[in-house]
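Observations on the three-dimensional arrangement
Chain residues, written in single-letter form:
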Amino acid sequence: MTNNLYHDELLLPDGSHTHKLLAQDTHIHTTCSDSDMGIEDTLLAIIKAKESVNIRRISFTDHDTFNAYSKQEAISLVAALNEGFPRHEQVSLWVGTEMSLPFLTKAGKVESIHFVAYFFPKAGESQWDLVTRLSQSPIQDLFLAYHDRTNERWCALLSKFIARYDDKLPMLYPRIKEEALKSGVRLESTGLAQGLESLFFKRMGESYPQKPKDSHGRTVCFRQDVVRFVADLKLAPYEELRGQVGKGGACHIPKSENIHAGLEEGLRVVNDFDSPKLIGIAHPWRYARFLNPFKFIRALSQIGYIGGVEVFGYHEHKTRGPGLKPPSFELLDEKERVPYQSLARRLGLTMLVGSDFHGTAKHGNCVGAGLPYYSRITQKMRIETRAYAGVR
């Protein structure tokens, strides 16, 4: 623990003390990306967590989108949540996202590195005005390019599934055709793969209106969405399909087919946005299998691409083998997180904290649970925001 961490007690306005832990969680997902819990349900989980932990700062960091903040949903819901708490227990909301950028390893493989980016209003600007500017900025173009490549990747997965089970299609075709017509999609026996792709995206749009769209207007999908769709077609059981999409599986689509804007290019686009901001590398310990995270953090800091690093979070334990199985999560212990905290202090980086909460889609990581509150973040961002506005 560091001396800038309030973790024992909270002084109440009447002079008494509460022994609730002070906490923050600036890495939370919703159904705007790959969580199975919407913003309202996630906030209910935060309210539940606040029974034992005083969560004071949150951010919805959905993958490559600001959709959680569109139509002011997250902003207005957090404001409503705060009406039910005294001032010393109210939650501040950071406008954020988690960006996926490619990294080419020495072995020639493309891996994804994730960055959390937080944006703060300029002097006299509301959070909603900030979100509007973000949605019209080059950052949105960066996201669109990523969404296009992501959807292409999972379209390729759908095609592989259809090719693998093409012997079952003639028998299932009448039923599938009838179901497609109910969704307004006409299927023909010729060009069936293209028709099923149209049906897939039509259902995605109907089921997940809150998810972002690619440049073709198609709802952005994830691997599990394709697996569920093919299972619903009765081409194969869900578990069988899930076992074919991981590394080594018959229908695996490697990331090397999903190259989009380069890592440096993406970080430059975000850094160029005209507003106070904080960019940090997310869960750096997960990248140790293909790079030295400490050298990588130091290099990005020296160039000026990042101003923060997650130093407190969860390990992801994936089940080995070709199957797509839900990972489990375990909180980093002190021995694991101290090196990242020490590096952040030496480099002057903001220490970030996040659960990477995905609802029930990932097991073991609870929103706000075990995550401390770093008070210097608030002080540092206040100073930087004032400096940005020309106020000293």
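In what follows, the structure referred to is the one given above.
What counts as what
- Once a new chain begins, its residue numbering starts again from 1 and follows that chain's sequence as written.
- Side-chain atom pairs in this predicted model are given and counted only at pLDDT of 80 or more, local residue features only at pLDDT of at least 70, and totals for whole chains, interfaces and linings cover all residues.
- Neither water nor hydrogens contribute to the side-chain values; these are computed over all heavy atoms in the structure.
- Per the convention used, a helix needs a DSSP run of H or I reaching at least four residues, while a strand needs a run of E reaching at least two, with both numbered from the N terminus.
- Burial classification: accessible surface area is computed with a 1.4 Å probe over protein chains only, and a residue below 20% of its type maximum counts as buried, one above 50% as exposed, and the rest as partly exposed.
- Only heavy atoms matter for contacts: two residues are in contact if any of them lie within 4.5 Å across the pair.
- Residue burial considers only the protein chains on display, and all accessible areas are found by Shrake-Rupley using a 1.4 Å probe.
- Think of a nonpolar core as a cluster: buried Ala, Val, Leu, Ile, Met, Phe, Trp, Tyr and Cys residues, connected wherever their side-chain atoms sit within 4.5 Å.
- Working definition: a ring pair exists when centres of Phe, Tyr or Trp rings (six-membered ring for Trp) sit within 6.5 Å. Plane angles under 30 degrees give stacked, over 60 give edge-to-face, the rest tilted.
- Note on geometry: a ring has a charge over it if NZ (lysine) or CZ (arginine) is within 6 Å of the ring centre and within 35 degrees of the ring normal.
- Here, the arc refers to the directions that run from the helix axis to the C-beta atoms.
- Polar contact is defined as a pair of N or O atoms within 3.5 Å, subject to the rule that within protein one atom must be able to donate a hydrogen and the other to accept it, and that residues adjacent in sequence are counted only when both atoms are side-chain atoms.
- Interaxial angle, 0 to 180 degrees, is taken between N-to-C directions of lines fitted to C-alpha atoms, where a helix line uses only the stretch in contact.
- Every angle not falling under 35 degrees, over 145, or within 65 to 115 is termed oblique; those three ranges are roughly parallel, roughly antiparallel and roughly perpendicular.
- When the near helix sits turned anticlockwise from the far one by under a right angle, the crossing is termed left-handed; a clockwise turn instead gives a right-handed crossing.
- Under this grouping Gly is polar, as are all residues other than the nonpolar Ala, Val, Leu, Ile, Met, Phe, Trp, Tyr, Cys and Pro and the charged Asp, Glu, Lys and Arg.
- Two strands qualify as a pair provided DSSP detects at least 2 bridges between them.
- Between Lys or Arg on one side and Asp or Glu on the other, a salt bridge is scored when a side-chain nitrogen of the former is within 4 Å of a carboxyl oxygen of the latter.

Attention now goes to the overall build of the chain. Looking only at helices and strands, the chain features 12 helices and 13 strands. Taken over 392 residues, the chain has a buried fraction of 53%. Sequence-distant contacts, at least 24 apart, represent 73% of the contacts inside the chain between residues at least 6 apart. For the chain, the exposed area adds up to about 18000 Å²; of that, 52% sits on carbon and sulfur atoms.

Take the nonpolar core next. The biggest cluster of nonpolar side chains holds 64 residues, and the ones touching the most others in it are I58, F60, Y69, I113, F115, F119 and L267. With residues near it in sequence (within four places) discarded, I58 still touches D25, T26, I28, L43, I46, V78, V91, S92, L93 and W94. Membership of the second largest hydrophobic core comes to 33 residues, among which are Y173, V230, A236 and I253.

Attention now goes to the packing of aromatic side chains. Here the structure, examined in full by the defined rule, presents 12 aromatic pairs. Ring geometry for F200 against F201: centres 5.1 Å apart, planes inclined by 65°, an arrangement best described as edge-to-face. Taking relative accessible area as the criterion, F200 reaches 3% and is therefore assigned buried. Assessed through its relative accessible area of 9%, F201 is described here as buried. A centroid spacing of 5.8 Å and a plane angle of 70° characterise the contact between W285 and Y340, whose relative ring orientation is edge-to-face. With W285 in the loop between β8 (277–281) and α10 (293–303) and Y340 in helix α11 (residues 334–347), this pair connects stretches of sequence that are 55 residues apart. The rings of F66, F119, F143 and F273 are connected pair by pair, giving a single aromatic cluster. Sitting over the ring of Y208, K211 keeps its end group 4.9 Å from the ring centre. The ring centre of F201 lies 5.0 Å from the NZ or CZ of R218, which sits over that ring.

Next up on the list: helix α3 (residues 127–135). Residue pairs three or four apart in sequence face the same way in an α-helix, which turns once every 3.6 residues. Listed in full, the buried residues belonging to α3 are L130, V131 and L134. Along the long axis of α3, the arc covered by the buried residues comes to 100°, so they all point the same way. Summarising the contacts, the buried residues of α3 are in contact with α2 (73–82), β6 (92–104), β7 (110–119) and α4 (138–164).

The backbone of D64 sits at a positive phi, close to 55°, despite the residue not being glycine. With respect to the secondary-structure elements, D64 resides in the loop between β5 (53–60) and α2. Although it is not a glycine, H283 sits at a positive phi angle of roughly 30°. Looking at the element boundaries, H283 is found in the loop between β8 and α10.

Bringing the environment of S355 into the picture now. Its location among the elements puts S355 in the loop between β12 (350–353) and β13 (373–374). Judged by its relative accessible area of 1%, S355 falls in the buried class. Along the sequence, S355 and H27 sit 328 residues apart, while their C-alpha atoms lie 5.8 Å from each other. There is a polar contact of 2.6 Å between the side chain of S355 and the side chain of D25.

Let us look at the packing of helix α1 (residues 39–49) against α2. At a minimum axis distance of 11 Å, the contact between α1 and α2 shows a crossing angle of 30°. Here α1 lies roughly parallel to α2, going by the angle between them. The chirality of how α1 crosses α2 is right-handed. Residues I39, E40, L43 and I47 of α1 lie in contact with α2, whose contacting residues are E73, A74, L77, V78 and L81. Residue classes in the contact of α1 with α2 are distributed as 7 nonpolar, no polar and 2 charged.

Here we take up the pairing of β5. Across the 8 residues of β5, 7 count as buried, placing the element largely inside the fold. Pairing between β5 and β6: 4 bridges, direction parallel. Of the residues in β6, the one forming a bridge with I58 is L93.

If you walk through the whole model with that rule in mind, you get 12 salt bridges. Two residues, R218 and D214, come together in a salt bridge whose shortest N-O distance is 2.7 Å. Each member of the pair R218 and D214 is classed as buried. Across the pair R242 and E239 runs a salt bridge whose closest N-O atoms are separated by 2.8 Å. Of this pair, R242 and E239 both sit in helix α8 (residues 238–242), 3 residues apart, which is roughly one turn of that helix.

A separate point is the packing of α4 against helix α7 (residues 223–232). Packed helices, taken two at a time, are described by the angle their axes make and the gap between the axes. In the contact formed by α4 and α7, the axes pass within 9 Å of each other and the chain directions differ by 30°. As summarised for this structure, α4 and α7 are arranged roughly parallel, according to the angle between their axes. Read as a crossing pair, α4 and α7 show a hand that is right-handed. Here W154, L157, L158 and F161 of α4 lie close against α7, whose contacting residues are R223, V226, V227, F229 and V230.

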